[in-house]
Amino acid sequence: MLWLLTSKSDCGPFRVAFVLLCISALNTQAKIVLTVPQQVSLSANYSTQQLSISWFGGVATTFDLIILRTEFNETVFYDTIPEVVNQDGGWHQWTWTSIEPLECASLSVQIRSRDGKTKSEWSEPQILEGRDLPSNSKAQMYPQDKIVAAGTNKTFCCILPEGEEVTKIFYGSRTMNVKRLSRQSYAVTAVNQTASKPSGTNVICLSNNPSTLTGAVIFVGYPPLPRNFECHTHDLISAVCHWDKGRDTHLQGRRTTRYYVNKKHCPKGRCELPQWDGNWTLVAINPLGQYSLTDSAELCHRVHPVAPDNLTAVVHAWNVTVLWEWTYSSYSTLVLVCQVDLVSHNTMLRNFSGEGLRSVLLSDLFPDKEYSVRVRCGSQNNFWKWGNWSKALSFKTKPHVPDAPDVWMWKNNDNTGLVIWKPLTWQQSHGQITGYEVTLSNPEENEQHTKILSPENNFLPVNLTRWASLSGGNRVIATVIAKNVEGLSQPASVAFDLVDDELPAVAQTVYASSGFPLSWQQSGNSTCSYLVEWCDAECTQDCPVDWIRLDAGNTNVSIQSANFEPGVKYNFSLYGYQTDFPVLMQRWQGYFQELAPSSSVSLEVSQQDCDVVLTWKEIPLADRRGFIRGYNVYMNNFYNLSLLANLDFGTRTYTVKGLSVSSYKFTVKAYTSAGEDRGNTVSIRLESCDGLILEILASLGMVTLLLATVTWFCYKKRSWVKKALYPDIPEPKLPSDWSRTQGPLDVKPSSHSMVHIIEKPARDSSKDGLVVIPEEEDYDGEGIGDEPVDTDEPQLLRYYNQVVDERPIRPRFPDSSVSSLSSVDSANTDVTYTGIQTSHSSLVFPSGSQSFSEGFQPHTGLSVSSGDRGGYHPQMHSVALGGNLASPEPLVEHQVVGSGGYKPQGSWLLDSPTEDDEKMSPAPSLGSPTSVASTQFLLPDREEHEEERRQPSSSAAIWFTNLLSSAKP
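Residues numbered from 1 in each chain as written. Predicted model: local features only at pLDDT ≥ 70, side-chain atom pairs only at ≥ 80, totals over all residues. Heavy atoms only, no water.

A.B. asks: Can you break down the sheet that holds strand β33 (residues 416-421) residue by residue, with the values?
C.D. replies: An order of β32-β33-β36 is seen for the three strands of this open sheet, with the pairing classed as antiparallel. The sheet terminates laterally at β32 (407-411) and β36 (459-463), the two strands that pair on one side only. Taking the axes of each pair of neighbouring strands and ignoring which way they run, one obtains an average angle of 20° across the sheet. Bridge count between β33 and β36: five bridges; the pairing is antiparallel. Bridge pairing in β36 links V419 to L460. (Pairing = 2+ DSSP bridges. Helix = DSSP H or I, 4+ residues; strand = E, 2+ residues; numbered from the N terminus. Axes fitted to C-alpha atoms, helices over the stretch in contact; angles between N-to-C directions.)

A.B. asks: Outline the state of the cysteines, supporting the account with residue identities and numerical values.
C.D. replies: Enumeration over the complete set of coordinates arrives at six disulfides. Through a disulfide, C104 is tied to C157; the S-S separation comes to 1.9 Å. Here the S-S torsion is close to -85°, and the disulfide linking C104 with C157 is therefore left-handed. Linking C104 in the loop between β5 (91-97) and β6 (107-115) with C157 in strand β11 (residues 154-159), this pair joins segments that are 53 residues apart in sequence. Under the relative-accessibility criterion, C104 is labelled buried at 1%. Covalent S-S linkage joins C231 and C241, the inter-sulfur distance amounting to 1.9 Å. Taking the torsion about the sulfur-sulfur bond, which here is approximately 110°, the covalent link between C231 and C241 counts as right-handed. With C231 in strand β18 (residues 227-232) and C241 in strand β19 (residues 239-244), this pair connects stretches of sequence that are ten residues apart. The burial state of C231 is the same as that of C241; both residues are buried. (Disulfide = S-S within 2.5 Å. Buried < 20%, exposed > 50% of the residue type's maximum accessible area, 1.4 Å probe, protein only.)

A.B. asks: Would you mind going over the environment of V40 in detail, with residue names and values included?
C.D. replies: Secondary-structure assignment places V40 in strand β1 (residues 38-45). Residue contacts for V40: discarding those within four places in its chain leaves I53, S54, W55, I111, S123 and Q126. (Contact = heavy atoms within 4.5 Å.)

A.B. asks: Break down the nonpolar core for me, citing the residues and quoting the values.
C.D. replies: Formed by 34 residues in total, the largest nonpolar core has its most connected members in W408, V419 and W421. Leaving out residues up to four positions away in the same chain, W408 has contacts with L418, V419, I420, V494, L531, E533, V545, W547, Y575, Y577 and P582. Formed by 23 residues, the second largest nonpolar core is a distinct cluster that contains V303, V306, V375 and F395. (Core = buried A, V, L, I, M, F, W, Y, C linked by side-chain atoms within 4.5 Å.)

A.B. asks: Lay out unusual backbone geometry in plain terms, naming residues and giving numbers.
C.D. replies: The omega angle of the peptide bond from Y142 to P143 is 0°, so this bond is cis rather than trans. Although it is not a glycine, N262 sits at a positive phi angle of roughly 45°. Here N262 is to be found in the loop between β20 (258-261) and β21 (264-265). Since its relative accessible area comes to 33%, N262 is described here as partly exposed.

As structure tokens, then:
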């Protein structure tokens, strides 16, 4: 230091002063010595679990304090505390609050002084003895009867005699975790305690000694918290204060809350003060704390009238007068507003006002009805609140004549009906109904019938047919009158026609939350009112119908009824009143709630060819429970259903195609908007379709057999068939041998064809024959075949014979007599051939031969031998046109005829010519000969050719040809 001073002596006086101050401070610090706190004393407050520690600490400003459990030397508290109160003369004091009751264990307290990091030695231990001393031979539990607030934590300790140990400690019914404080002391802690019962919560300690039992009671609750503190007046002089206690404190007995209003103890939650002060204070106190409320008001603003007293009533049928009295005379000048509570089937509140009000008139009541009434009042000026209700007064109004009933009618299909009226309600009956009077009348015939019914009836059956026969009219008016002890109601009437009107179409309606919505167009004719009727659609006879009436001008309504049931269809009908007669205008149907059908369709299955046909019937109306929207057809695969088709309601058949031979199951389900029914299932074994082919083949075989049978029959009966359908047509016989080569034969049509019979007395038998003599005018130089021969004109051939019988020609048939008028003396006979048929346009002979005009000359000398008689005899066998004309063979065979006269050819080309013959020969047929004067065919004699017809055919081909020959022209 001296060196520093000497070496730095030139630094000046300031530096020297600084150094001197540092040296002085070092010397002062070296002199401060921290003393050990002395005279440590302990003072315990066991109720609050606080330990007050005081000591003498010298000049130290902070102290270290440590608290230990004496027996186990466990630290309970250790901290540095600042300077504390009572420092006069160096005394210090500090208060410590223990978590555990101070009785639980002995505590040791030590203190030392601290100045920064400098600290003194610890003071001598000061011991606060607990109750866990070896000399204590009784079991104890602390704390006892403690009152704590809900939501806090609390520690309890159990002190046992020496040598015993705790087995369990219960807090209420809950077992607690135990902590050992000393050899004899054990502790448990209840965390976040809930409010206890009014009698408190028990804490019980059990030891290994069964005879040792100890415990404590803890009261857990809340501090007081009153609310709604108010003061008012009843008599306009005194004050009455009341409040709500608020939440339950769970503390009772000597721990209950005490209340004070303006320092007046009021134990019942209500306090009466003799004078109106205008300002009031409420104080609530209990062991856990206190709470206060204040209130202030003017007298006229806090008037609370008392309840009216001594209520009485003056009763009438439709009104009543209620009277009462007041307890305080001061109300006579107070303007009051009173509220009347009138109770019958419902509650009605009515307000009345007036100065000193003491009575009110209640109108619009129902006759013969029981009522109950009560009254309360308040101050009309500066109204604060209603006063208390009076006691209830009961009364019954007097009866009155009933209202007119609501009448309607129901008509059945069998021309019977019901007159129905709604039973009168208590608002309409005005007293006990004693009966009904129903009158049926005819406005046209002025005839009526009256019937008296008991009060239990609300309908009257009517036979409309019988009524029509009695009254002679088509309209009925039903009038209903209700009766009670006071008299008769006004008459109510309904009129309806005996003849049914045409029913309008039915529409659907869907139920909504407000009911069945119905709407219609305004009718110009229905100006009076409307009526909507509804009933169960399944009912057809004497149905329980309900209805509602609507005023004119309405065009919609929602129908709601407590009687509507799910799954039931209801019919709704709208009637309009033009005068007194209702007219049906519109109809609806709907379900309150649609359900799935309760039954399934009646299902049938059949096989049609290779297809499966499903058919079913409609579900009965009662089982539909909704509008059937359609049908679902499923293939039932045992484990699941495969949808095949969704069909509309009108379809009740379905064909499943393209199935192979196997077994199948099908299910058909009807569905509504609520879902499908359970379905009906059918099974079928699909058989092979070959049976159908066999059936077709069998049918064809039967048809073939039938045709064969018919053919066989026709073959066996061919003669009969031919005679019936195609009779034989005689053909002319031509010579089988001609004297010259055949040439073209031209049969030229002419207007007349004549067969000339040339009579010669002597005839040349060698020239016996029938020759064709052409007309001279036919050979005027024109070539043969120039003229067409296919004509409808009859052909003329000229025949010659040598002998003619002198007797008249006997007719063969009755209708041919006219055709044979020529006499025997006639030199010729005209025969007309009708329908001359040719297979070509002309008859042609083989080429190379001379023309017919050149090669053929008539022979006048030819004659035919006639046996006994002369006359013309036709050839009876076929003509071979292909024969040679120059053949020397006789042209005509001699035949013996039993009678004279003309006889037709009996065989006209019996064998049909072949195709070649038709090509090479002249016309095979020239038609059937008839008389000149008749168109009747001259048929051959049946007897003469019977033997020829019996000759059988050589073969089937010949028979078939003969069968068809008659079909040729």
